[in-house]
Amino acid sequence: MSLLAPLGALSARMHHLLVEGDTHGVYAGASPRGSGGARGTAADHGWAVTRAVAVGAVRAGWSRAAFVQVLLDGPYKAGEPARALQHRRGYDTAVAWLHRAFDGAHHYLQTRDPLCGRQDVHAALAAYRTRIERTPGPGTAAKTDLRNLIARLDICTRSGGWDHTVSERDLAERMGCARTTTHRSNQRLQHARLLRQLDHGSPTQGSRWMLLAPTGTGPLNLSHDESTPQRPQAGGAMSGPAMRHTHHPTGSHGQGDSDADLDSHTAARLMPLDAFTHRGLSSSGLAILAALAEHDGQTLAELQGSASISRATAYRQTNTLTHLGLIQREGELLHLAPEALAGTGQRGPHCEQPAADWTDVAQRLAVHGVSERRRQHHHTERARWHRTQLQLTNRHKQTQQPGTKTRQTHTTWHTAGTGQADTTHGHVHPHAAPHRENRLNEASQTPTSRGRPAR
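This structure is a prediction, so every number in the text was calculated from the model and none was measured.

Calculation rules
- Residues numbered from 1 in each chain as written.
- Predicted model: local features only at pLDDT ≥ 70, side-chain atom pairs only at ≥ 80, totals over all residues.
- Heavy atoms only, no water.
- Phe/Tyr/Trp six-rings, centres within 6.5 Å; stacked < 30°, edge-to-face > 60°.
- Helix = DSSP H or I, 4+ residues; strand = E, 2+ residues; numbered from the N terminus.
- Buried < 20%, exposed > 50% of the residue type's maximum accessible area, 1.4 Å probe, protein only.
- Lys NZ or Arg CZ within 6 Å of the ring centre and 35° of its normal.
- Salt bridge = Lys/Arg side-chain N within 4 Å of Asp/Glu carboxyl O.
- Core = buried A, V, L, I, M, F, W, Y, C linked by side-chain atoms within 4.5 Å.
- Contact = heavy atoms within 4.5 Å.
- Pairing = 2+ DSSP bridges.
- Axes fitted to C-alpha atoms, helices over the stretch in contact; angles between N-to-C directions.
- 1 Å grid on protein atoms, 1.4 Å probe; cavity = no way out; pocket = protein on both sides within 12 Å on 5 of 7 lines; lining within 4 Å.
- Points joined across faces, edges and corners; volume = space filled by probe spheres on them.
- Nonpolar A, V, L, I, M, F, W, Y, C, P; charged D, E, K, R; others polar.

Concerning the packing of aromatic side chains
No. 1: Tallied over the full model, the rule gives four aromatic pairs.
No. 2: A centroid spacing of 5.4 Å and a plane angle of 55° characterise the contact between Trp 47 and Trp 97, whose relative ring orientation is tilted. Separated by 50 residues along the polypeptide, Trp 47 in helix α2 (residues 37–60) and Trp 97 in helix α5 (residues 91–110) bring together distant segments of the chain. In this pair, the class of Trp 47 matches that of Trp 97, namely buried.
No. 3: Of note, Arg 152 hangs over the ring of Trp 209, and the distance from its end group to the ring centre comes to 4.5 Å.

Brief notes about the pattern of salt bridges
No. 1: Following the criterion strictly, the structure yields 14 salt bridges and no others.
No. 2: The shortest N-O distance in the salt bridge between Asp 163 and Arg 13 comes to 3.4 Å. With Asp 163 in strand β1 (residues 163–166) and Arg 13 in helix α1 (residues 12–20), the pair connects residues that are 150 residues apart, well separated along the chain.
No. 3: By relative accessible area, which is 44% here, Arg 13 ends up partly exposed.
No. 4: One salt bridge in this structure joins Glu 168 and Arg 179, with 3.4 Å as the shortest N-O distance. On the criterion of sequence distance, the pair formed by Glu 168 in helix α8 (residues 168–175) and Arg 179 in helix α9 (residues 179–191) is long-range, its members being eleven residues apart.
No. 5: Among the residues examined, Arg 179 registers a relative accessible area of 33% and is labelled partly exposed.
No. 6: Linked by salt bridges that have partners in common, Arg 13, Asp 163, Asp 199 and Arg 208 make up one network.

Observations concerning the nonpolar core
No. 1: Counting 89 residues, the largest nonpolar core has Leu 18, Phe 67 and Trp 358 as the members making the most contacts within it.
No. 2: For this core, the element with the highest residue contribution is α2, accounting for nine residues.
No. 3: Not counting residues up to four positions away in its chain, the partners in contact with Phe 67 are Thr 50, Val 53, Ala 54, Ala 57, Trp 62, Leu 98 and Phe 102.

Notes on the environment of Val 55
No. 1: If you trace the backbone, Val 55 turns up in helix α2.
No. 2: In this structure, the C-alpha to C-alpha distance between Val 55 and Leu 109, residues 54 residues apart in sequence, is 7.6 Å.
No. 3: For Val 55, the contacting residues outside a window of four places in its chain are Ala 105 and Leu 109.

Thoughts on the sheet that holds strand β2 (residues 195–199)
No. 1: A sheet is described by the order of its strands in space; here three strands give the open sequence β1-β3-β2, paired in antiparallel fashion. The open sheet has two edge strands with one neighbour each: β1 and β2. Mean inter-strand twist for the sheet, computed between neighbouring axes without regard to direction, equals 35°.
No. 2: Bridge count for β1 against strand β3 (residues 207–211) is four bridges, and the pairing is antiparallel. Counted as the bridge partner of His 164 is Trp 209 from β3.
No. 3: Here helix α7 (residues 140–159) sits on the sheet in contact with β1, β2 and β3, set at roughly 110° to β1.

Observations regarding empty space enclosed by the protein
No. 1: The final tally for this structure, using the stated rule, is one cavity of 30 Å³ or more.
No. 2: When its volume is computed, the largest cavity comes out at roughly 140 Å³.
No. 3: Lining the largest cavity are 16 residues, and of these Lys 143, Leu 146, Leu 262, Ser 283 and Ala 287 sit closest to its centre.
No. 4: Going through the elements one at a time, α7, α11 (282–294) and α12 (300–307) are the ones with two or more residues in the lining of the largest cavity.
No. 5: Classifying every residue of the lining of the largest cavity gives nine nonpolar, five polar and two charged.

Here's the deal with the side chain of Ser 207
No. 1: Relative to the assigned elements, Ser 207 resides in strand β3.
No. 2: Not counting residues up to four positions away in its chain, the partners in contact with Ser 207 are His 164, Thr 165, Val 166, Gln 197, Asp 199, His 200 and Gly 201.

Side note on unusual backbone geometry
No. 1: Phi at Ser 282 is positive, roughly 60°, even though this residue is not glycine.
No. 2: Tracing the backbone through its elements, the reader meets Ser 282 in helix α11.
No. 3: Given a relative accessible area of 14%, Ser 282 falls into the buried group.
No. 4: Phi is positive for Ala 366, which is not a glycine, with a value near 60°.
No. 5: With respect to the helices and strands, Ala 366 occurs in the loop between α14 (358–364) and α15 (370–400).
No. 6: On the accessibility criterion, Ala 366 (69% relative accessible area) is exposed.

The quantities given are spatial measurements derived from coordinates; they are silent on function.
Listed below in structure tokens is the structure:
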């Protein structure tokens, strides 16, 4: 009788993890303990798998004794770290280790609201969207990560869950950036523990990912070493050498970075357009429009905080948007034009020829057609990859077909004279060229020795 029969049923994913183990490497590097060396990495992986199974066991209503019995006495793959610990340090140490995992999983579930249905999932995604909209993104890399999170959040909202399937090429087209930029952004988000890759996909589907929501209700932490360098500030002890623009909870110069507030729906709709590529209005221009879409009528100082941009970037981008007719100035306040989110500008004192639409904006900024060329490039890469896979499949089928002729190799040897014999059939070819070794032997003989009779 199986040890799992009298216990509560696990989910399909937890049952596979318990019986087969972490076959896809989902929990590799998931533990934050940070042990060093190969043995430490294996121990972290074993602890992460054990904690995941413990969470599934608590949700299924298992007792702590049943959890210990299944992992130590059962033949399941997820119990190998506990059984190895029992072999090295004894039964009591292994039981204490499993108790710590089970108690931690029980406390984890008690401190979090359970998701009972699709409505709860959508409510959790909406709360996560609010955190993303209030997350400061100073620097180009952080704004790219915000694009990544917003694009993934739209996919999760449609699928109705935290896990989603998307390839790097499709994600790059949604974000409006290159595939290599998307790849680096994925690595940064995984390092910040905001994203986890569940598998590497298949020949017909993209990789499967899961968004991770840290504890709390405040903004997310996107600070890293790839932020944009900030110019020296005038006066004070911070003058002189260039410093990196990092996140400060109370702000650096009067206006805090914690005042970030964007309209993520506007950003998701505009960021795939040509006008917001790196050479166009870029992510900073997108952040300004999304910030004004959330709260119209902001001063330049307020816009620096809500869009998480520097003062120089705010001046440069607002001047560009004003000349396109997308932003109107009323004293110190900046307002969106009535049809600004559609790319249609409005004539004003600073704009003589307002933009007609986003295509016109892209043409004025000399970035028209970038997204279409990116899609064509991705389509070419996919077609090339499929042709290569088809060729490899056909080649594999030809080698596996029964009765396929194989190339026969005949072993030959040369006689001492001028003939050549086939060792497979036994035929002698008298007109064949002599072996190289025989020719060398004949060349080594002198003319007199050739005509001299043998003694």
